[in-house]
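# Observations on the model geometry
These are the residues of each chain, in order.
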Amino acid sequence: MAQAALNQKEFETLAYWAVGLGSEGSMAGADKAHKLSVASHSVTGKDNWGMMAPTENSGYTIGTLQTDMGQHPNVATELVQRYQTWCTTQQRTDMRLTPEQERKTIADLQRGGSNLRGKPDIEPSVKKGLEYFLQTTEGRQYIHQRDMTQVGVLTDKVFKPLQQYPAFVQRPMDEQVQIYTTVAKAYNQNPTQVKKII
């Protein structure tokens, strides 16, 4: 009897629940999806107070699948543009960024770990505004759309390439699930490294 293979819909569900909700998008049950996060070490010493200490090349992330804006700089631009549109439609001129703030915020969010290390966080008032937006109905809709886009990326870059290996699809289902989850999580965090493997 031929070994059953995980189909695309099953992989998409796995990517969202196992890679997203099961690991990336929450911490001890706390919602990280609708906040700006950075995987980081603790910072000690008075000279380092308030400075960033990211883990490896981790940048700012958003969403259930914690899309890294250092790895995906277009997402930083998209987020800020969505925020600006929301400020306009909700008549929150007090929260809208000036053109200079907009440019700086996009550049700050696009930093990878190497450009964050030893540097300060983004402007507190700007960060507060962005996280406020992410908690609104419009912000949550945006995060869901972003997550579905990222699931599509994982499908194209992980599921479809692995499907080309007969030795892989002939593995028992539980092994396929383990491998898919591991590779999808790795790609989600560092696509450059995974591209060298598959």
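Quick look at the structure, then.

## Considering the environment of W17
- As for its position among the elements, W17 is in helix 1 (residues 8–24).
- Sequence separation of W17 and L65 is 48 residues, and the distance between their C-alpha atoms is 9.1 Å.

## Some details on the nonpolar core
- L36, I62, M69, L79 and L109 are the most contacted members of the largest nonpolar core, which totals 24 residues.
- Elements that contribute at least two residues to this core include exactly helix 2 (73–89), helix 3 (99–109), helix 5 (124–135) and helix 6 (137–162).
- Broken down by element, this core gets its largest block of residues, 7 residues, from helix 2.
- Not counting chain neighbours up to four residues away, the residues in contact with L109 comprise L36, Y60, M69, G70, A76, L79, V80, I122 and L130.
- Within the second largest apolar cluster, 19 residues are counted, among which are L14, L65, F168 and V169.

## Quick look at the packing of aromatic side chains
- Applying the stated rule across the entire model yields 9 aromatic pairs.
- Aromatic side chains W86 and Y132 sit 5.9 Å apart centroid to centroid with 55 degrees between the ring planes, which places their arrangement in the tilted category. Separated by 46 residues along the polypeptide, W86 in helix 2 and Y132 in helix 5 bring together distant segments of the chain.
- On the numbers, 4.9 Å between centres and 85 degrees between planes, the contact of F168 with Y180 is edge-to-face. Of this pair, F168 sits in helix 7 (residues 166–169) while Y180 sits in helix 8 (residues 173–189), placing them 12 residues apart in sequence. Judged on exposure class, the residue F168 and its partner Y180 are both buried.
- Every member of this aromatic cluster is reached through a ring pair, and the members are F11, F159, F168 and Y180.

## Digging into the side chain of T105
- For T105, the position within the fold is in helix 3.
- Residue T105 is classed as buried on the basis of its relative accessible area, which comes to 5%.
- Each residue touching T105, except ones within four places of it in the same chain, is listed here: V80, L97, V126 and L130.

## A look at the pattern of salt bridges
- Considering all chains together, one arrives at 8 salt bridges under this definition.
- Across the salt bridge formed by E12 and K9, the nearest N and O atoms sit 3.8 Å from each other. Here E12 and its partner K9 are both found in helix 1, 3 residues apart, which amounts to about one turn of the helix.
- You can call K9 exposed: its relative accessible area is 62%.
- D94 is the salt-bridge partner of R92, the closest N and O atoms lying 3.1 Å from each other.

## A short note on the environment of D94
- Checked against the element boundaries, D94 lands in the loop between helix 2 and helix 3.
- Residues D94 and G129, spaced 35 residues apart in sequence, show a C-alpha to C-alpha distance of 9.9 Å.
- Here the side chain of D94 touches R92 through a polar contact of 3.1 Å, side chain to side chain.

## Quick word on the packing of helix 2 against helix 6
- One can describe the packing of helix 2 onto helix 6 by two numbers: an axis separation of 11 Å at closest approach and a directional angle of 155 degrees. With respect to helix 6, the element helix 2 is oriented roughly antiparallel. Every pair of crossing elements has a handedness; the one defined by helix 2 and helix 6 is right-handed. Each of V75, E78, L79, R82 and W86 in helix 2 lies in contact with helix 6, whose residues at this interface are E138, Y142, Q145 and R146.
- Counted by class, the contact of helix 2 with helix 6 contains 4 nonpolar, 1 polar and 4 charged residues.

## Things to note about the side chain of T136
- Mapped onto the elements, T136 comes out in the loop between helix 5 and helix 6.
- On the basis of relative accessibility, which here comes to 14%, the residue T136 falls in the buried class.
- In terms of polar contacts, T136 uses its side chain to reach the backbone carbonyl oxygen of F133, at 2.6 Å.

Cut-offs used in this document
Residues numbered from 1 in each chain as written. Predicted model: local features only at pLDDT ≥ 70, side-chain atom pairs only at ≥ 80, totals over all residues. Heavy atoms only, no water. Helix = DSSP H or I, 4+ residues; strand = E, 2+ residues; numbered from the N terminus. Core = buried A, V, L, I, M, F, W, Y, C linked by side-chain atoms within 4.5 Å. Buried < 20%, exposed > 50% of the residue type's maximum accessible area, 1.4 Å probe, protein only. Contact = heavy atoms within 4.5 Å. Phe/Tyr/Trp six-rings, centres within 6.5 Å; stacked < 30°, edge-to-face > 60°. Salt bridge = Lys/Arg side-chain N within 4 Å of Asp/Glu carboxyl O. Polar contact = N/O pair within 3.5 Å; in protein donor to acceptor, adjacent residues only side chain to side chain. Axes fitted to C-alpha atoms, helices over the stretch in contact; angles between N-to-C directions. Parallel < 35°, antiparallel > 145°, perpendicular 65-115°, else oblique. Left-handed = near helix turned anticlockwise from the far one by under 90°. Nonpolar A, V, L, I, M, F, W, Y, C, P; charged D, E, K, R; others polar.

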